[in-house]
Structure formats: C-alpha cells, structure tokens
Amino acid sequence: MNIESIPLQAFLIVSSILFCIGIWGLLNSRNAVRVLMSIELMLNGVNINLMAFSSYIDNNLIQGQVFTIFVITVAAAEAAVGLAILLSLYRNRVTVDMESFNLLKW
Amino acid sequence: MSIAVTTQIICFSVLSLVIVVGALGVILLESIVYSAFLLGGVFMSVAGLYLLLNASFVAAAQVLVYVGAVNVLIIFAIMLVNKKEDLKPIGNLKSRRIISTSICITLLSLLIRVDLSNVWGLSDPNTSIGEESTIRIGEHLFSDYLLPFEVASVLLLMAMIGAIVLARRDVRNEDISTGLPVDQELIEKSSEPLLIKKN
C-alpha cells in the first residue's frame, strides 16, 4: 500500500468520531433498540481502528484483521442476545423506554 | 490497492462523510425505522473503508454479518416492539444533555489529540502483503489463533441457545376452556405481568 496516499491519522479520526457518536447515542437514547444500535456503532469505530493499525503498522502479519473478525463474531452474538433480552423486557413491561427499566434501582 | 491516489482520497472522503452523517442520523432521527436503515448504510460504508485498506475478506464478512444479520435482526426487533408510545417527560433533561454532550466532546478532543500528536511507528510499505491478506488470515486462524477460533464457535452456539431461551414464549398445548388439544394455533398462556406494577 502506498503510505503517502491516505495518512493513518485520517482513519483514526474517523473511528474516534464514530466511537464518540456511539457513546452519545448510548447515553441519550430513550428507545432501547437505539441503544443497541449505538453499541454497534461503537464496535464499528473500534473495528476501523484495528483495521487501520493492522494495515499501516503491522502490514505483514495482519493480526488486527484477525482481531476484527473476532470482534464481528462477538458483536453478532451480542446483538442476538441483546435483542432477545429486549423482547423479554418488552413482554414484561410493555414499553421500550429506557427510563422505565429501573428494576435494579433501590 | 492498485488505484490512483486521488481516487483513493476521493473514496475515503465520501465514505467518511457517509459514515459520520449516517451515524449522526442513527442517533438523532425521530423515527427508529429510518435509524435502522441508516445504520445499514453506515455498515456498508465501513466495509468500503476496509476495501481501501486492502482487506477484502473482512469487508465481505462485514457486509455479510453486519448488514445481512445484525441489521436485519434489528429491523425485526423494531417490527416486534413497534408501539407508538408517548414517553414520559423526565426532569432535568437539559442538564443531562449538557453533561453527556460535554463528556463526549471532551473524549473526542482527547482521542483526536492522541491521534494527531503521537508518532506512529509505521512499517515499511515494501513488506506489505497487499491483497493476499485472505491467505494470511486463514493461516492465522488455523495456527496461532486456533483456540480463539474454536472458542468463538462455542460462543456462537451459546448465544443462539440463549437467545432462543430468552425470547421463547410459553405455550399451552390444550385449550383453556374446553380442555381439547390445540394443534392449529398457538395460544399463549396468560401470565401475570410481574414487573408492571413497580412504578
């Protein structure tokens, strides 16, 4: 890859922005499905970071790409279990409002 | 990647713009359905960035797993829990927004400062394996990452069984009033909603 083409910092900045947007959505969403979407956005930001490092810093033994594959696997499992928990919560509470899930509050 | 530098920069700019604007749309749009479809667009653009980084296998995995599985799952979940409800207004919403936004902006400025100020030890471009990355990933997965690879398969099995157990409904196999067996349609047991009285 021609290193002079796109600097590594450009990829890192895009991934930082994506991660921070995900955190903002996680903190501010009231819909539980949107919270799950924000988590996926954050995981994608992390993946871009890993891929950029594996291509610019470790371009012979691309271990970052292997890590990205594992992150994608875990994200798929997390999405399946998270949405199942969400369905179960919706069945018990008949709402998806995050403010009403206060079972652990004492 | 064997395309011209200018083309790469144009592709990178367009993809980054789509990613940032799409992600903002995902968290800011009022309708959750629009958010879900925009999320699919963000995933596709991230796959495009992976192609720019010479990682065709990971790009294909991203499209298959994220767009094909996770996004479809999210759309199904929206379909199942899609109820128009008026959210209860909560107090001190404004101060919450201010605090969370300032936390995010602080974190973003910190990350960008680290990105720009650190001196990254870039490796020699001549050692790059370029477009043979798929072969190298296969070698990794069957030699030094063999144990995590097998554990990932167990994890996926556990996640599948867990999701089925969590999302399953209890079904009666006989009619409540007549006692006859029901085989045509599923009648749900009328369970006491345990948690509703809490607030």
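Residues numbered from 1 in each chain as written. Chains lettered and ligands numbered in written order. Predicted model: local features only at pLDDT ≥ 70, side-chain atom pairs only at ≥ 80, totals over all residues. Heavy atoms only, no water.

Caption draft 1: Here's a closer look at the overall build of chain B. Of the regular secondary structure elements, chain B holds six helices and two strands. Ordered by position from N to C terminus, the α and β elements of chain B give α-α-α-α-α-α-β-β. In chain B, once contacts between residues fewer than 6 apart in sequence are set aside, the share between residues at least 24 apart is 48%. (Helix = DSSP H or I, 4+ residues; strand = E, 2+ residues; numbered from the N terminus. Contact = heavy atoms within 4.5 Å.)

Caption draft 2: Expanded view of the interface of chain A and chain B. The interface is formed by 79 residues belonging to chain A together with 88 residues belonging to chain B. Summed over the shared surface of chain A and chain B, the result is one salt bridge. A salt bridge links B:Arg96 to A:Glu99; the nearest nitrogen and oxygen atoms lie 2.9 Å apart. Between the two partners, chain A and chain B, sit 19 residue pairs in polar contact (both at pLDDT 80 or more). When the residues that make up the side of chain A that touches chain B are grouped by side-chain class, the tally is 49 nonpolar, 22 polar and eight charged. (Salt bridge = Lys/Arg side-chain N within 4 Å of Asp/Glu carboxyl O. Polar contact = N/O pair within 3.5 Å; in protein donor to acceptor, adjacent residues only side chain to side chain. Nonpolar A, V, L, I, M, F, W, Y, C, P; charged D, E, K, R; others polar.)

Caption draft 3: Region of interest: the confidence of the model for chain B. Confidence in the prediction of chain B, expressed as mean pLDDT, is 85, and 84% of residues score 70 or more. The complex model carries a pTM of 0.86, and its ipTM stands at 0.92. (pLDDT = per-residue confidence, 0-100.)

Caption draft 4: How the structure looks around empty space enclosed by the protein. Under the definition given, this model contains one cavity of 30 Å³ or more. A volume near 80 Å³ is recorded for the largest cavity. A:Ser55, B:Leu53, B:Asn54, B:Ser128 and B:Gly130 are the residues nearest the centre of the largest cavity, which is lined by 11 residues in total. Residue composition of the lining of the largest cavity, grouped by class: four nonpolar, seven polar and no charged. (1 Å grid on protein atoms, 1.4 Å probe; cavity = no way out; pocket = protein on both sides within 12 Å on 5 of 7 lines; lining within 4 Å. Points joined across faces, edges and corners; volume = space filled by probe spheres on them.)

Caption draft 5: Molecular detail of the environment of B:Ala55. Relative to the assigned elements, B:Ala55 resides in the loop between α2 (32-52) and α3 (56-80). Residue B:Ala55 is classed as buried on the basis of its relative accessible area, which comes to 0%. B:Ala55 has contacts with A:Met51, A:Gln65, B:Tyr50 and B:Ser133, leaving out every residue within four places of it along the chain. (Buried < 20%, exposed > 50% of the residue type's maximum accessible area, 1.4 Å probe, protein only.)

Caption draft 6: Fine view of the nonpolar core. Counting residues in each nonpolar core, the largest one holds 64 residues, and the members touching the most others are A:Met37, A:Leu41, B:Leu49 and B:Ile74. Those residues within four positions of A:Leu41 in sequence are excluded, and the remaining contacts are A:Leu18, A:Ile21, A:Gly22, B:Ala23, B:Val26, B:Ile27, B:Leu39 and B:Val42. (Core = buried A, V, L, I, M, F, W, Y, C linked by side-chain atoms within 4.5 Å.)

Caption draft 7: Fine view of the pattern of salt bridges. Under the counting rule described, the total for this entry stands at three salt bridges over all chains. One salt bridge in this structure joins A:Arg30 and A:Asp97, with 2.7 Å as the shortest N-O distance. Residue A:Arg30 is located in the loop between α1 (8-28) and α2 (32-56), and its partner A:Asp97 is located in the segment after α3 (63-93); the two are separated by 67 residues in the primary sequence. Each member of the pair, A:Arg30 together with A:Asp97, is buried. The salt bridge partner of B:Glu139 is B:Arg136, with a shortest N-O separation of 3.2 Å. Linking B:Glu139 with B:Arg136, this pair stays in helix α5 (residues 133-142), spanning three residues, or about one helical turn.

Caption draft 8: Representation of the packing of aromatic side chains. For the structure shown, the criterion picks out seven aromatic pairs over all chains. Arranged with centres 6.1 Å apart and planes meeting at 80°, the rings of A:Phe67 and B:Tyr145 form a pair that is edge-to-face. One end of the pair, A:Phe67, is in helix α3; the other, B:Tyr145, is in the loop between α5 and α6 (146-167), on a second chain. The partly exposed category is assigned to A:Phe67, whose relative accessible area is 42%. Overall, B:Tyr145 belongs to the buried group, its relative accessible area being 13%. Ring pairing ties together the aromatic residues A:Phe11, A:Tyr56 and B:Phe12, which thus form one cluster. (Phe/Tyr/Trp six-rings, centres within 6.5 Å; stacked < 30°, edge-to-face > 60°.)

Caption draft 9: Highlighting a nonpolar patch on the surface. A surface patch of nonpolar side chains, about 460 Å² in accessible area, is lined by B:Leu29, B:Val33, B:Tyr34, B:Phe37 and B:Leu38. Taking relative accessible area as the criterion, B:Tyr34 reaches 56% and is therefore assigned exposed. (Patch = residues over 30% accessible without salt bridge, like charges linked within 9 Å, V, L, I, M, F, W, Y side chains within 5 Å. Areas by Shrake-Rupley, 256 points an atom, 1.4 Å probe, with all protein chains shown as cover.)

Caption draft 10: Structural view of the packing of α2(A) against α2(B). Running from N to C, α2(A) and α2(B) point in directions that differ by 10°, and their axes come no closer than 11 Å. Relative to α2(B), the element α2(A) lies roughly parallel. Contacts between α2(A) and α2(B) involve A:Val33, A:Arg34, A:Met37, A:Glu40, A:Leu41, A:Asn44, A:Asn47, A:Ile48 and A:Met51 from the former and B:Ile32, B:Ser35, B:Ala36, B:Leu39, B:Val42, B:Phe43, B:Val46, B:Leu49 and B:Tyr50 from the latter. Its residues placed into classes, the contact of α2(A) with α2(B) shows 13 nonpolar, three polar and two charged. (Axes fitted to C-alpha atoms, helices over the stretch in contact; angles between N-to-C directions. Parallel < 35°, antiparallel > 145°, perpendicular 65-115°, else oblique.)

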